[in-house]
Structures are given as C-alpha cells and as structure tokens.
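Descriptive analysis of the structure
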Amino acid sequence: MKKINIGVLGATGAVGQTFLGILEERNTPVGELRLLASARSVGRTMPFRGEQSPVHAVDGEESFKCLDLVLLCANDNVSRELAPLAARSGALVIDKSNAWRMTPEVPLVVPEVNPEDARLHDGIIAGPNCSTTQLVVALWPIHRVNPITRIIVDSYQAVSGTGAAAVQELRDQTHQWAEDADVTRSVYPHQIVMNVLPEIGSFDDNGYCSEEMKLVNETRKIMHAPDIALSATTVRVPVEVGHSEAVHVELSRPMSPGEVREVLSEAPGVCVVDDPARSMYPFPLQGAGRDEVFVGRIRADMSHPQGIAMWVVSDNLRKGAALNAIQVAELLMAEGLL
C-alpha cells in the first residue's frame, strides 16, 4: 500500500498514544506523521519508530494541509469544530468522540460488522463508544445466522475510559486506602477504589445515563437493526484497562450454547475462552494489550427458551478505540479509497 500522511489530533492523550503504538505495531505505511494537540502540549515530543515526533498546536485548516487521514481523539466540542475543517482540507477524518456518531449521513463503522458503510463517507467516519464496539463484534456473527430480537447488557467499565486523570486517581486512592489514609477524589462523584459506580455520563430524564443510551443507539445503527429491543446498565469499576459486559440476548429461534461457540469461534476479531470447569473465561487482565474481543461463559438463559447469556471482555483503548479506527483506515486503503 502507498504511504499516507497521517495526523493524530489528541496525540498526547491515552487513546492518542495508543494510536501511535498500533500504527507502529502494524507497520502502517506512514509518510508524514503530524501530531496535533492543544497549545499546552506544544514542546512535547512523542516516540514513533525510534524517533521523537514534535507535538503541534492546531491552527485552523492549515494544520490539516496535505494530510490524507486524521485520527481524531478529542472531546465532542473539539471534534465538532475541527473535524469539518480537516475534511474540507481533503483528509479523511476518523473520529472517536461522540460528536458525529448519530448524525445520519456520517457512517458509524466497526469493520467486522458493517465495513460497507465506510465507503459511504463524505469526509468523516465515526467510531463507536468502546463498550458498543466489543458488544457488536460479539453479537453480529450470531445475529447473522439467528436474528437477535432483544439485548440486555450490563457493562463493567475500566477507569481509562474516563481518561488519564481517572487512572491516576485510582492509583492514588489505592495507595491511600492501603495506608489507611483519607481517600481523596476529584474525577468521580465517589471514591472508585474498593467501589463500583453505576453512573457513566450524565443522566437523562428517562433514568438512563448517557453511556447507556450510547450502547442502545449505536448498536442499532451499526447493526442496521432500528427495532431491536435493548436495555443497558453501565458501571464504572476499579480496573485500569479492559471493559467487561454481561450480555443476555433473545433470538428468533432456539440455539444451543455449542452452536453459539461454533459461530463465534469462526468470527473475525473474536476469541472464545469458555471452559468454566477449569476457570477459563475472559477477564480484563487477559484482554489488556490484546486486539481481540474475548467471549466466554456462553450458556443457555434459563429464563427464556430462545435466550443465550455470555460474558464479553475487550481492551477499551485498543479495539474499543484506536485499533478500530486504524482498521477502518486499513479497509479503505486496501480498496484504494484512501
């Protein structure tokens, strides 16, 4: 594949740094690499392929000149302002924020599920929320052979999904708790060490928080299943990396756990780890630093004759964010569309 000029906007954050690591690991054919961030990051450098690359402040449309691809991992407001500028400059923007996900004309893409949607972009492609990504990778292969009519998902999400400050807060609180000192907090409304918080994002009038509604709306859009019944509960847990999900699905017809394992064992991006008798099942430490979506605890849902229950784990910084975006770019590069 030809070399492409890549900009990483938000390069100094956790996802931005993961972008750089994955681009290097996968030997992506990078021509120019341009690292972009806020003015306070100017003067910093980031390692890439044995060299230190300087970080530049964004200065309007000029910052994106001659770039083929912009990997954008900033907040919603920054994305709404800068993604159109980058697209107008001629770059393809793959955005990890929530800003464009539900915009009808912007594709929301997970390559294992809806790669054809990536070809429909008009300069911007959205990437889903990290918890949505692993959910649809695990459920799409089942849905293709036995349509899912209802999903109930409870997520247990790592603090790195909030950002570097949350990771540091967990580490600091762990030391404070171990030393029997006062536990201080600034990121979450309650201490996170030795605790779980059933609140991610702001609460809507319907009683669901914004993270839960992302799971509902994004899953329906990606799977082209607007009528699928879906309910979510999202919980922040004291884990640094790796989201876990307890998933219950109702199918159009009965399906045995063995059939589900067989389908998932052949699915791209999925690794089945399912031998509970030997305590073999997915967990965050196993998934951290890995690219796969891990699925285990596959069993019949005893409350419904057409139900299946499972446990799904993935690295929220890799497949949940940076890797998925890079895979979208690779898909288009392979087809000569980037």
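See the structure printed just above.
Residues numbered from 1 in each chain as written. Predicted model: local features only at pLDDT ≥ 70, side-chain atom pairs only at ≥ 80, totals over all residues. Heavy atoms only, no water.

Tallying secondary structure elements over the protein chain gives nine helices and 13 strands in all. With respect to the principal axes defined by its C-alpha atoms, the protein chain has extents near 60 × 55 × 40 Å. For the protein chain, the proportion of its 338 residues judged to be buried stands at 52%. Put simply, 67% of the contacts in the protein chain that link residues at least 6 apart link residues at least 24 apart. Accessible surface, the protein chain as shown: approximately 15,000 Å² in total, 50% of it carbon and sulfur. (Helix = DSSP H or I, 4+ residues; strand = E, 2+ residues; numbered from the N terminus. Buried < 20%, exposed > 50% of the residue type's maximum accessible area, 1.4 Å probe, protein only. Contact = heavy atoms within 4.5 Å. Areas by Shrake-Rupley, 256 points an atom, 1.4 Å probe, with all protein chains shown as cover.)

Once that is clear, we can look at unusual backbone geometry. Notably, cysteine 66 is not glycine yet its phi reads approximately 70°, a positive angle. Tracing the backbone shows cysteine 66 in the loop between strand E4 (51-57) and strand E5 (69-72). Judged by relative accessible area, cysteine 66 falls into the exposed class, the value being 54%. One non-glycine residue, serine 279, lies in positive phi territory at about 60°. Turning to its location among the elements, serine 279 is positioned in the loop between strand E11 (270-272) and helix H8 (284-287).

If you trace the six strands from one edge of the open sheet to the other, you get E9-E8-E10-E13-E12-E11, paired in mixed fashion. Each edge of the open sheet carries a strand with a single partner, namely strand E9 (229-236) and E11. The sheet shows a mean angle of 20° between the axes of neighbouring strands, direction not considered. Bridge analysis of strand E8 (residues 148-157) against E9 gives eight bridges, and the strand direction is parallel. Counterpart to aspartate 154 in the pairing with E9 is threonine 233. Sheet strands in contact with helix H6 (residues 210-222) are E8, E9 and strand E10 (243-251), and its direction is about 140° off that of E9. (Pairing = 2+ DSSP bridges. Axes fitted to C-alpha atoms, helices over the stretch in contact; angles between N-to-C directions.)

The α-helix advances 3.6 residues per turn, and as a result positions three or four apart in sequence lie on the same side. For helix H9 (residues 318-334), built from 17 residues, the straight-helix expectation of 24 Å at 1.5 Å per residue is missed by more than 12%, its first-to-last C-alpha distance being only 21 Å. Along its length, H9 shows its largest kink, about 40°, at asparagine 324. Here H9 lies mainly inside the structure; 16 of its 17 residues are buried. Phi turns positive, to about 70°, at glycine 336, one or two residues after H9. (Expected span 1.5 Å × (residues − 1). Bend = angle between axes of the 7 residues up to and from the residue.)

Further remarks concern the layout of surface pockets. Taking a probe equal in size to a water molecule and rolling it over the atoms shows the remaining empty space. There is about 1,200 Å³ of room inside the largest pocket. As for the largest pocket, its lining consists of 44 residues, of which Cys73, Ala74, Asn75, Gly161 and Thr162 are closest to the centre. Mapped by element, the contributors of at least two residues to the lining of the largest pocket are helix H1 (14-25), helix H2 (76-88), H6 and H9. Reported here for the second largest pocket is a volume of approximately 160 Å³. Taken together, Glu112, Val113, Val136, Val137, Trp140, Pro141, Arg144, Val263, Glu266, Ala267 and Pro268 make up the full set of residues lining the second largest pocket. Top contributing element to the lining of the second largest pocket by residue count: helix H4 (residues 130-145), with five residues. Looking at the lining of the second largest pocket, its residues break down into eight nonpolar, no polar and three charged. (1 Å grid on protein atoms, 1.4 Å probe; cavity = no way out; pocket = protein on both sides within 12 Å on 5 of 7 lines; lining within 4 Å. Points joined across faces, edges and corners; volume = space filled by probe spheres on them. Nonpolar A, V, L, I, M, F, W, Y, C, P; charged D, E, K, R; others polar.)

Counted according to the given criterion, the structure contains 15 salt bridges. Residue lysine 319 is joined to glutamate 112 by a salt bridge in which the shortest nitrogen-to-oxygen separation is 2.9 Å. Here lysine 319, found in helix H9, pairs with glutamate 112, found in the loop between strand E6 (92-95) and helix H3 (115-118); they are 207 residues apart in sequence, far enough to count as distant. Two residues, aspartate 275 and arginine 278, come together in a salt bridge whose shortest N-O distance is 3.4 Å. Residue classification places aspartate 275 among the partly exposed positions, given a relative accessible area of 25%. Here the salt bridges share partners, and the residues they tie into one network are Glu25, Arg26, Asp291, Arg318 and Glu330. (Salt bridge = Lys/Arg side-chain N within 4 Å of Asp/Glu carboxyl O.)

Mapped onto the elements, glutamate 212 comes out in helix H6. Leave out the neighbours within four places in its chain, and glutamate 212 touches Ala232, Thr233 and Thr234.

Here we come to the nonpolar core. By size, the foremost hydrophobic cluster in this structure holds 53 residues, and its most contacted members are Phe64, Leu139, Ile151, Val247, Val295 and Met310. Sort the elements by how many residues they give to this core and H4 lands first, with seven residues. Apart from the residues lying within four places of it in its own chain, the contact partners of isoleucine 151 are Leu139, Thr219, Ile228, Ala229, Leu230, Ser231, Val247, His248 and Val249. Within the second largest apolar cluster, 33 residues are counted, among which are Ile6, Leu69, Ala322 and Leu323. (Core = buried A, V, L, I, M, F, W, Y, C linked by side-chain atoms within 4.5 Å.)

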